[in-house]
There are 2 protein chains.
Amino acid sequence: MNHVDINRPEPLGPEVILPPTKRGQRTRANLLAAAESVFATSGYHDASIVKITEEAGVGLGTFYVYFPGKKELFDQVVFDLNRRVRQAMSEASSGATTRLEAERAGFRAFFAFTAAHPALYSIVRQAEFVSPEAMRAHYTSIVDGYISGLLSAQAKGEVRDIDPTVASWALMGAGELIGMRWVQWEQQAGGRPEGVPDHVFEALMSFIETALAPSASVKEESV
Amino acid sequence: MNHVDINRPEPLGPEVILPPTKRGQRTRANLLAAAESVFATSGYHDASIVKITEEAGVGLGTFYVYFPGKKELFDQVVFDLNRRVRQAMSEASSGATTRLEAERAGFRAFFAFTAAHPALYSIVRQAEFVSPEAMRAHYTSIVDGYISGLLSAQAKGEVRDIDPTVASWALMGAGELIGMRWVQWEQQAGGRPEGVPDHVFEALMSFIETALAPSASVKEESV
């Protein structure tokens, strides 16, 4: 996944106003990290604000200084995960000189992120019910970055003439289920994967490369 | 998605023993249909057995003749949806003479099924928390059918030498997110799609065909 633009407008509603003090920012970050963990392990319904504040080591009263309620906290957790996964992919692929390099680096970063943050899958799937608008913003922002990458690669002749929107959703879906199968499920079975196994990664890259490569005839024309 | 084998062993645990009478089978089917609708719209946590029996038009006591509890009912709903979507794909692609034809028919049936059964997405996503084993069985059974199809197509030289397991997960992921974007989301926005729009379907088919097609050199060798 290449050229993910993390500088586009925040996808999840009103701008986040961070607390003015360093200490306040730390407390907010602690609450988000605790919420990520509690939502991922207990699920939204069983995740009480009390449980989250205990995990974060802050008082219950303090919670409401930072978030109006559980739903708003959940949205911010989705937003925070979304921002971080896009940043990880963007940073990984920023040094790439070809689309193929960018694709490899972006997908590798995506799988590494899901290995390090098992919450990503379970929280996004819960969002289907808890906050459909947050779920849509999550997928749409990743796809938008992917589309931009494909468009610029098409302009350079590195990708064939295929609908970049459809290709982006297809590729995101491929990455999502491969990450689910080889990162999330392996983790749930007690493994500690750092990403998907090499042979899976290479097969996926071959699949993607072949699907997107300029056709032989186009290549010859450009010689 | 081609050659989906619906005759493999039931994926969701103990064998289902159907009620001996026609009337009992009808009551069980009514409960499953009501549960599918209530789980999909209210979510597992808010879906009470009372709500489901009211929707099905049966007494609360009758419920326990058919299902031990809400979790077991949920599993049976997942199993039932899974069986039906595989059957729809299998029937659609059974008359196909080439892998390409089977692929088109199978995907078209999958999108038509998701349009007719919006519960599929929301119930499978809820299963992440409610019943991870049912979610895995759902995905795995679809992928297993897909792998068989790719293997026999590879044996006939209709698909290039690509890891069929990785390709199957990638293709299922592509279908899932394209169905989410162009069927589920369009429905939630008030549309009544019968499947994905033609241009999306054709772009996806082009993507898949190119990714799987035997390479030019292999084609020449076989001439």
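This one's a predicted model, so the numbers in the text were calculated from it and none came from an experiment.

1. A look at the interface of chain B and chain A
It is common to give the size of an interface as the accessible area lost on bringing the parts into contact. Across the boundary between the two partners, chain B contributes 47 residues, which contact 47 residues of chain A. Together chain B and chain A conceal approximately 3,800 Å² of surface at their shared face, both sides included; 71% is due to carbon and sulfur atoms. Where chain B meets chain A, there are 10 residue pairs in polar contact (both at pLDDT 80 or more). Looking at the side of chain B that touches chain A, the elements that each hand over two or more residues are α1 (22-42), α6 (119-130), α7 (132-155), α8 (164-188) and α9 (198-212) of chain B. Looking at the side of chain B that touches chain A, the element that brings in the most residues is α8 of chain B, giving 18 residues. The residue inventory of the side of chain B that touches chain A, partitioned by class, reads 25 nonpolar, 14 polar and eight charged.

2. A short note on the confidence of the model for chain A
Residue and element names in this part refer to chain A. Scored by pLDDT, chain A comes out at a mean of 89, with 90% of its residues at no less than 70. Predicted confidence for residues 1-11 stays below pLDDT 50, and this span has 40 contacts to residues more than four positions away or in other chains. Both scores are available for the predicted complex, with the pTM at 0.89 and the ipTM at 0.89.

3. A few points about the pattern of salt bridges
Two side chains that carry opposite charge are able to pair once their charged atoms sit near each other. Per the counting criterion, the structure on display carries 24 salt bridges over all chains. The partner of aspartate 80 of chain B in a salt bridge is arginine 83 of chain B, and the shortest N-O contact between them spans 3.0 Å. One end of the pair is aspartate 80 of chain B and the other is arginine 83 of chain B, both in helix α4 (residues 70-93) and three residues apart, which spans about a single turn. For aspartate 80 of chain B, a relative accessible area of 16% corresponds to the buried category. Residues glutamate 186 of chain B and arginine 181 of chain B are paired through a salt bridge, measuring 3.0 Å at the closest nitrogen-oxygen approach. By relative accessible area, glutamate 186 of chain B is classed as partly exposed at 31%. Residue class for arginine 181 of chain B comes out partly exposed when judged on its relative accessible area of 22%. One connected set of salt bridges, linked through shared partners, spans Arg125, Glu128 and Glu176 of chain A together with Arg125, Glu128 and Glu176 of chain B.

4. Remarks on the side chain of glutamate 176 of chain A
Inspection of the secondary structure assignment puts glutamate 176 of chain A in helix α8 (residues 164-188). The residues touching glutamate 176 of chain A, leaving out its near neighbours within four places in the chain, are Phe110, Tyr121, Arg125 and Tyr139 of chain A together with Arg125, Glu176 and Leu177 of chain B.

5. Digging into the packing of helix α1 (residues 22-42) of chain A against helix α4 (residues 70-93) of chain A
Residue and element names in this part refer to chain A. Across the interface, α1 lies against α4 with an axial gap of 9 Å and an inter-helix angle of 95°. The pairing of α1 with α4 is recorded here as roughly perpendicular in orientation. Residues Arg28, Leu31, Leu32, Ala35, Glu36 and Phe39 of α1 touch α4, and the partners they reach there are Lys70, Leu73, Phe74, Gln76, Val77, Asp80, Leu81 and Arg84. Among the residues making up the contact of α1 with α4, the classes are represented as eight nonpolar, one polar and five charged.

6. Quick word on the relation of the copies chain B and chain A
There are two copies of the chain, and a rotation about an axis plus a shift along that axis relates them. With an RMSD of 0.0 Å, chain B superimposes on chain A once it is rotated by 180° and translated 0.0 Å along the axis. Taken together, the rotation and translation describe the operation of a two-fold axis. Of all interface residues in chain B, 100% are interface residues in chain A too; the two copies therefore contact each other through one and the same surface.

7. Comments concerning the packing of aromatic side chains
The final tally for this structure, using the stated rule, is 23 aromatic pairs over all chains. Each ring, one from tryptophan 169 of chain A and one from tryptophan 185 of chain B, has its centre 5.5 Å from the other, and the planes form 90°; the classification is edge-to-face. Linking tryptophan 169 of chain A in helix α8 with tryptophan 185 of chain B in helix α8, this pair reaches from one chain into another. This pair shows no difference in class: tryptophan 169 of chain A is buried, exactly as tryptophan 185 of chain B is. With centroids separated by 5.4 Å and ring planes inclined at 85°, the aromatic side chains of tyrosine 44 of chain B and phenylalanine 74 of chain B adopt a geometry described as edge-to-face. Residue tyrosine 44 of chain B is located in the loop between α1 and α2 (49-56), and its partner phenylalanine 74 of chain B is located in helix α4; the two are separated by 30 residues in the primary sequence.

8. As for empty space enclosed by the protein
One pass over the full model with this rule turns up three cavities of 30 Å³ or more. Of the volumes computed, that of the largest cavity is approximately 160 Å³. Lining the largest cavity are 14 residues, with Phe110, Leu120, His138, Tyr139 and Glu176 of chain B sitting closest to its centre. Of all the secondary-structure elements, those providing two or more residues to the lining of the largest cavity are α4, α6, α7 and α8 of chain B. Ranked by residues supplied to the lining of the largest cavity, first place goes to α6 of chain B with four residues. Class assignment for the residues of the lining of the largest cavity results in 10 nonpolar, two polar and two charged. Each pocket or cavity is described by its volume, and for the second largest cavity that value is around 140 Å³. As for the second largest cavity, its lining consists of 12 residues, and the residues nearest its centre are Phe110, Leu120, His138, Tyr139 and Glu176 of chain A. Put simply, the parts of the chain that give the lining of the second largest cavity at least two residues each are α6 (119-130), α7 (132-155) and α8 of chain A. The biggest single contributor to the lining of the second largest cavity is α6 of chain A, with four residues. Within the lining of the second largest cavity, the residues separate by chemical class into nine nonpolar, one polar and two charged.

9. A word on the packing of α4 of chain B against helix α5 (residues 99-116) of chain B
Residues and elements named next belong to chain B. Following both chains from N to C, one finds α4 and α5 inclined at 145°, their axes separated by 7 Å at the closest point. Crossing geometry of α4 relative to α5 is assigned as right-handed. When α4 is examined against α5, the residues Leu81, Arg84, Val85, Ala88, Met89, Ala92 and Ser93 are found in contact with a partner set consisting of Ala102, Ala105, Gly106, Ala109, Phe110 and Phe113. Class assignment of the residues belonging to the contact of α4 with α5 gives a composition of 10 nonpolar, two polar and one charged.

Calculation criteria
Residues numbered from 1 in each chain as written. Chains lettered and ligands numbered in written order. Predicted model: local features only at pLDDT ≥ 70, side-chain atom pairs only at ≥ 80, totals over all residues. Heavy atoms only, no water. Contact = heavy atoms within 4.5 Å. Buried area = accessible area lost by both parts, 1.4 Å probe. Polar contact = N/O pair within 3.5 Å; in protein donor to acceptor, adjacent residues only side chain to side chain. Helix = DSSP H or I, 4+ residues; strand = E, 2+ residues; numbered from the N terminus. Nonpolar A, V, L, I, M, F, W, Y, C, P; charged D, E, K, R; others polar. pLDDT = per-residue confidence, 0-100. Salt bridge = Lys/Arg side-chain N within 4 Å of Asp/Glu carboxyl O. Buried < 20%, exposed > 50% of the residue type's maximum accessible area, 1.4 Å probe, protein only. Axes fitted to C-alpha atoms, helices over the stretch in contact; angles between N-to-C directions. Parallel < 35°, antiparallel > 145°, perpendicular 65-115°, else oblique. Least-squares fit on C-alpha atoms with pLDDT ≥ 70 in both. Phe/Tyr/Trp six-rings, centres within 6.5 Å; stacked < 30°, edge-to-face > 60°. 1 Å grid on protein atoms, 1.4 Å probe; cavity = no way out; pocket = protein on both sides within 12 Å on 5 of 7 lines; lining within 4 Å. Points joined across faces, edges and corners; volume = space filled by probe spheres on them. Left-handed = near helix turned anticlockwise from the far one by under 90°.

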